[in-house]
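Topology and contacts: notes
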Amino acid sequence: MSQRQIIQVFEQYQKSRFQFVQTVADLALRPQNIEILQNAGVMSLLRPLMLDVVPSIQQTAALALGRLADHSDDLAEAVVKEDILPQLVQSLASQNRFYKKAAAFVLRSVAKHSPELSQAVVACGGVDALVLCLEEFDPGVKEAAAWALGYIARHNASLSQSVVDAGAVPLLVLCLLEPEMALKRIAASTLSDISKHTPELSQTVVDVGAIAHLAQMILNPDAKLKRQVFSALSQISKHSVSLAEMVIEADIFPAAVACLKDPDDYVRKNVTTLMREVVKHTPELSQVIVNCGGMAAVIDYLGECRGNLRLPGIMMLGYVAAHSENLAMAVILSKGVPQLALCLSEEHEHHIKAATAWSIGQIGHHTPEHAKAVATSDLLTKLLELYMDASSSEDLQAKSKKALKSILQKCTYLPGLEPLLYDVPSNILKYVVCQFSKVLPNDSKARRLFVTSGGLKKVQEIDAEPGSSLQEHINAINSCFPEEIVRYYSPGYSEVLLERLENYQPA
Amino acid sequence: MAELLKIKSEVEEFKKEYFYRNSQAEENRQREYQAANRIQSWFRASKVRAYLSHLHKKAIIIQRIWRGFTARARFRQMVKAAYFIMKMNFYEEMAVRIQKRWRGFFVRKYIHNYYARKSYLEGLSRKNELVRMELAELEELQKRERDCVEMVKEQTAKVYQAHRLHHLLSTKQCPGVFNSPFRPAPHEMELLLRQVKYQAPARLDPRGRACLMGMLGPTDHSFPGTLGSPWIKTTGTCSSKPILPPISSKKQQGLLREPGEVWEQRMLCPDLTLRLQTSYTHLEEAQNQLRHKYIRLPTGKLGTGSMLHHLSHSSNSFTQPAYAKSFR
């Protein structure tokens, strides 16, 4: 055979290999093909192709592998078991940028499924190789490497620590400064994943000066970037007071409030999460946010969104109100209580309702003014309903009971308390009656109202053990009224009168 | 003689008398002794009693005087102490009054300042109103911008469609699809078609070249030598004609920036220039200096090393592009 014909054989083989790899890569895009491919033993076929002579076949094989591992964690585990990772990592150092992108993609799809797989990636030196990739010029390679590091760091603190130990953080901050939007997004998301676990990791991220750069990107028009930036800032600030103060010192606050009107839902949710994380530490930080009008913006935001998106906003209101009665009054003035009442009635998820009940309790428990504000929005009956409802989860019942108790102990608004005399368990009833016994001796109009609205009648009907505090309160109430009235309203008085009538002999 | 007899008889009597008196004295002696004893003892006792009572009286006088003295001193002290206590009570009461007023004032003015709280809450409501208004305006603005962008996109899409469908323009002979004779007025598409200026389509070659480059991309710079040319031949579809760049595009060549960018950089960082921070002849001057220095201290090793060190300082100004990007 002539030389040309022999070379043609090789050409043919190469063409068919390339076609195979290309087709597998395209098929791997659809989830329904994955099972079939797996059963056909695609892993063991792709593995030698990754060591192929022709670079394009290597790259396409890596791409196909990455897509396969992306879809299911059995395949990802198979990638780990077949020892493909060490050779990927080795070739990461030496090959061209397309291969690096594909290899980083494979590492990312393996690492995303579970901490054990990420640990396997770390164990074969993947993190160091990825950090080397972060120093490349090509933005696509940097993006793929940063994404992979982000998925590794997401699972738990020790994996994040290994990412940080490999020196990824300064390089990630440099990536934040690059002009490519996708790279910025991924870098911000990776910083967020790293700093979410422990305060030390957040401190490492802050020490590199990430906060200033993240703060600059707050008003960027790209919505996904803003999501990640706010998520990163909230993960940093959630750990300790000093970190939260550093985030505030970067002057994000009046500007970030504008992002609460962003059309993207998750940007708004992340801004609210950031506010919540900052606010929960100290009253001074809450004061900063309240003073720049953040409260009003969050309350409007609560009015506009639905479902789980409301949760950070509700918790933020609760944390602000919990610090001091000034701040709680600020929440009330910003029309927070009607909004929370709406949330309570519209939402069906128990954890959101529990958070709302907790926030209401934090607002109402400071002084009688606050309790009155809560009672006028008819929230006491709603809280009672939630407590009594058998289908509420335990957490919801516990929180609504606690909120109800703490508000009742300060409530002196009698028209709000009256509905609570009817159909109420005795442990709540004793607080209600206690409040009545405190207010009635001093206020004659209230006494009149109490009698005419049927409250006195109800109190007489209450059955309490003698000597219990409930009985004492009832006695205290009864002593505010003349004997005849008390006797008139006591149960069974009509029978007593009729009996007297029967025994009466006209003279 | 008679006298003698008388004396002799008297002697007998005398003797008798003497004996009688002696015996009487003897008898009385005891009694008198005891009586004398008694008298003496009584007298001595009286003497002693007188002395003792004298002593007692004097002692009483001394004690009286002394006790009076100490009691008066103590009393004076007590009076002083009582006076002091009275004064202190008075002062304390007055201090309590002052502190009461001061604390009430201080707490009401600085700690639980009702008016400050009221004005704070009022200010807060005003700020909230303001923020709500501003946010509403911002939202409105953003929405308008987005709507604008949408509209512009729609319009360009329509114009593009009109470009593609230029052949549906109605002619004098034959009314087009969008200009049906049964309509009262032509369709907007028809009007667009009339407005759009016909442009000859750009040549397909640049697009073909683009797809060729795309395919070549992954197989960048590492062709195995033996399979070089046949590989290109089998994948390239239109590689026969020589492809020239289009004439009419006005793309700038090279690293030139827009004038606006350069101006911005100059405004933002005025000390960023392309000129050297050091003078043009810095190198020669430095070399001369070193030569003068090394004439004095002949150590050969330091020569080139430190010169390079000096030289590297002057090359700072050339690392601008990296910083320039971050200033944008």
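Here the structure is shown first, and the text comes after it.
These lines cover the structure that appears in this document, whether it is placed above or below. Counting starts from 1 at the beginning of each chain's written sequence and moves along it residue by residue. Key to labels: chains lettered from A, ligands numbered from 1, both in the order written. With the structure being a predicted model, the display of local features is reserved for residues of pLDDT at least 70 and the display and counting of side-chain atom pairs for 80 or more, all residues being used for whole-chain, interface and lining totals. Computation of side-chain values covers all heavy atoms of the structure but excludes hydrogens and water.

1. Description of the overall build of chain A
Heads up, the condition is: The helix and strand labels rest on DSSP assignments: H or I over at least four residues marks a helix, E over at least two residues marks a strand, and numbering proceeds from the N terminus. We take the radius of gyration over the C-alpha atoms and set the globule estimate at 2.2 Å times the residue count to the 0.38 power. Burial classification: accessible surface area is computed with a 1.4 Å probe over protein chains only, and a residue below 20% of its type maximum counts as buried, one above 50% as exposed, and the rest as partly exposed. Only heavy atoms matter for contacts: two residues are in contact if any of them lie within 4.5 Å across the pair. What sets the accessible areas is the Shrake-Rupley method with a 1.4 Å probe; for residues, cover comes only from the shown protein chains. For the purpose of charge, His is not counted, nor are the chain termini; Lys and Arg are scored as positive and Asp and Glu as negative. The location of each charge is read from NZ of Lys, CZ of Arg, CG of Asp or CD of Glu.
Tallying secondary structure elements over chain A gives 35 helices and 0 strands in all. Relative to its length of 507 residues, chain A is extended, with a C-alpha radius of gyration of 33 Å against a globular reference of 23 Å. Taken over the C-alpha atoms alone, chain A extends approximately 145 × 50 × 35 Å along its principal axes. When each of the 507 residues of chain A is scored for burial, the buried share is 53%. Partitioning the contacts of chain A with sequence separation of at least 6, the portion at a separation of at least 24 is 71%. Accessible surface, chain A: about 22300 Å² in total, of which carbon and sulfur atoms supply 52%. For chain A, the distance from the average position of its 46 positive side-chain charges to the average position of its 55 negative side-chain charges is 4 Å.

2. Here's the deal with the interface of chain B and chain A
The cut-off we apply is this: Summed over both partners, the accessible surface that disappears when two parts come together, traced with a 1.4 Å probe, is what is meant by buried area. By definition here, a salt bridge exists when the distance from a side-chain nitrogen of Lys or Arg to a carboxyl oxygen of Asp or Glu is within 4 Å. Just so you know the grouping, Ala, Val, Leu, Ile, Met, Phe, Trp, Tyr, Cys and Pro go in nonpolar, Asp, Glu, Lys and Arg go in charged, and all remaining residues, Gly too, go in polar.
On the chain A side, the residues contacting the 25 residues of chain B number 33 residues. When chain B packs against chain A, close to 2600 Å² is buried across both sides, 60% of that on carbon and sulfur atoms. At the surface where chain B touches chain A, the tally comes to 4 salt bridges. In this structure, the salt-bridge partner of A:Glu325 is B:Arg117, at a minimum N-O distance of 2.9 Å. Going through the elements one at a time, helix H2 (114-164) and helix H5 (228-235) of chain B are the ones with two or more residues in the side of chain B that touches chain A. Looking at the side of chain B that touches chain A, the element that brings in the most residues is H2(B), giving 15 residues. Class assignment of the residues belonging to the side of chain B that touches chain A gives a composition of 10 nonpolar, 7 polar and 8 charged.

3. Focus on the nonpolar core
Under the convention used in this document: Buried residues of nine kinds, namely Ala, Val, Leu, Ile, Met, Phe, Trp, Tyr and Cys, make up a nonpolar core once their side-chain atoms join them within 4.5 Å.
With 181 residues, the main nonpolar core has A:Leu46, A:Leu214 and A:Phe253 as its most contacted residues. The contacts of A:Leu46, once residues within four sequence positions are left out, are A:Val21, A:Val24, A:Ala61, A:Ala64, A:Leu65 and A:Leu68. B:Ala162, B:Met189, B:Leu193 and B:Val196 belong to the second largest nonpolar core, which has 6 residues in total.

4. A short note on the packing of helix H9 (residues 126-134) of chain A against helix H10 (residues 139-154) of chain A
All names here are of chain A. Formally: Helix axes use the C-alpha atoms of the stretch in contact, all axes being lines fitted to C-alpha atoms, and the angles between their N-to-C directions lie in the range 0 to 180 degrees. The sense of a crossing depends on the near helix, which, turned anticlockwise from the far helix by less than a right angle, makes the crossing left-handed and, turned clockwise, makes it right-handed.
Interaxial distance between H9 and H10 falls to 8 Å at its minimum, and their mutual angle equals 145 degrees. Our pair here, H9 against H10, has a crossing hand that is left-handed. On H10, the residues touching Val127, Leu130, Val131, Cys133 and Leu134 of H9 are Val141, Lys142, Ala145, Ala146, Ala148, Leu149 and Ile152.

5. Considering the pattern of salt bridges
Per the counting criterion, the structure on display carries 31 salt bridges over all chains. Salt-bridge contacts for A:Arg276 lead to A:Glu277; the nearest nitrogen and oxygen are separated by 3.0 Å. For the pair formed by A:Arg276 and A:Glu277, the shared burial category is buried. For B:Arg97, the salt bridge is made with B:Glu93, and the minimal N-O distance between the two is 3.2 Å. With B:Arg97 and B:Glu93 both in helix H1 (residues 2-111) and 4 residues apart, the pair spans about one turn of that helix. Residue B:Arg97 is classed as partly exposed on the basis of its relative accessible area, which comes to 45%. For B:Glu93, a relative accessible area of 43% gives the class partly exposed. Shared partners join several salt bridges into a network, and the residues in it are A:Lys261, A:Asp265, A:Arg268, A:Glu304 and B:Glu139.

6. Topic: helix H31 (residues 444-452) of chain A
Residue and element names in this part refer to chain A. The following threshold applies: The arc in question is the one traced by the directions running from the helix axis out to the C-beta atoms. Polar contacts here mean pairs of N or O atoms no more than 3.5 Å apart (in protein, one a potential hydrogen donor and the other a potential acceptor; neighbouring residues in sequence count only if both atoms are side-chain atoms).
Looking at H31, one finds that the buried residues are Ala446, Phe450 and Val451. The buried residues of H31 occupy an angular sector of 135 degrees when the element is viewed end-on, so they sit on one face. Facing away from the buried side of H31, by more than 90 degrees, are the exposed residues Lys445, Arg448 and Thr452. Contacts made by the buried residues of H31 are with helix H29 (414-417), helix H30 (426-439), helix H32 (455-461), helix H33 (469-478) and helix H34 (483-489). Where H31 begins, one side-chain oxygen reaches toward the backbone nitrogen of Lys445, 3.4 Å away; that side chain belongs to Asp443.

7. Some points on unusual backbone geometry
Residue and element names in this part refer to chain A. At Lys335, a residue that is not glycine, the phi angle is positive and equals roughly 65 degrees. Within the element layout of this structure, Lys335 appears in the loop between helix H23 (325-333) and helix H24 (336-346). Lys335 gets classed as partly exposed once you look at its relative accessible area, which sits at 46%. The backbone of Asp423 sits at a positive phi, close to 55 degrees, despite the residue not being glycine. Looking at the secondary structure, you find Asp423 in the loop between H29 and H30. Residue class for Asp423 comes out exposed when judged on its relative accessible area of 70%.

8. Structural notes on helix H1 (residues 3-27) of chain A
Just so we agree on the cut-off: Multiplying 1.5 Å by the residue count of a helix minus one yields the expected span of that helix.
End to end, H1(A) covers 36 Å across 25 residues, agreeing with the expected 36 Å (1.5 Å per residue, within 8%). Within the span of H1(A), buried status applies to A:Gln14, A:Arg17, A:Val21, A:Val24 and A:Ala25.

9. Here we look at the environment of A:Gly313
Residues and elements named next belong to chain A. Inspection of the secondary structure assignment puts Gly313 in helix H22 (residues 311-323). Among the residues examined, Gly313 registers a relative accessible area of 0% and is labelled buried. The spacing of Gly313 and Ala476 is 163 residues in sequence and 43 Å in space, taken between C-alpha atoms. Apart from the residues lying within four places of it in its own chain, the contact partners of Gly313 are Thr272, Val298 and Leu302.

10. Quick word on the packing of helix H25 (residues 350-364) of chain A against helix H26 (residues 368-376) of chain A
All names here are of chain A. Cut-off, in case you're wondering: Each angle is binned into one of four classes, with values under 35 degrees roughly parallel, values over 145 roughly antiparallel, values of 65 to 115 roughly perpendicular, and all other values oblique.
One way to put it is that H25 packs onto H26 with a least axis distance of 8 Å and a crossing angle of 140 degrees. Here H26 runs oblique to H25, going by the angle between their axes. On H26, the residues touching Ile360, Ile363 and Gly364 of H25 are His370, Ala371 and Val374. Residue classes in the contact of H25 with H26 are distributed as 4 nonpolar, 2 polar and no charged.

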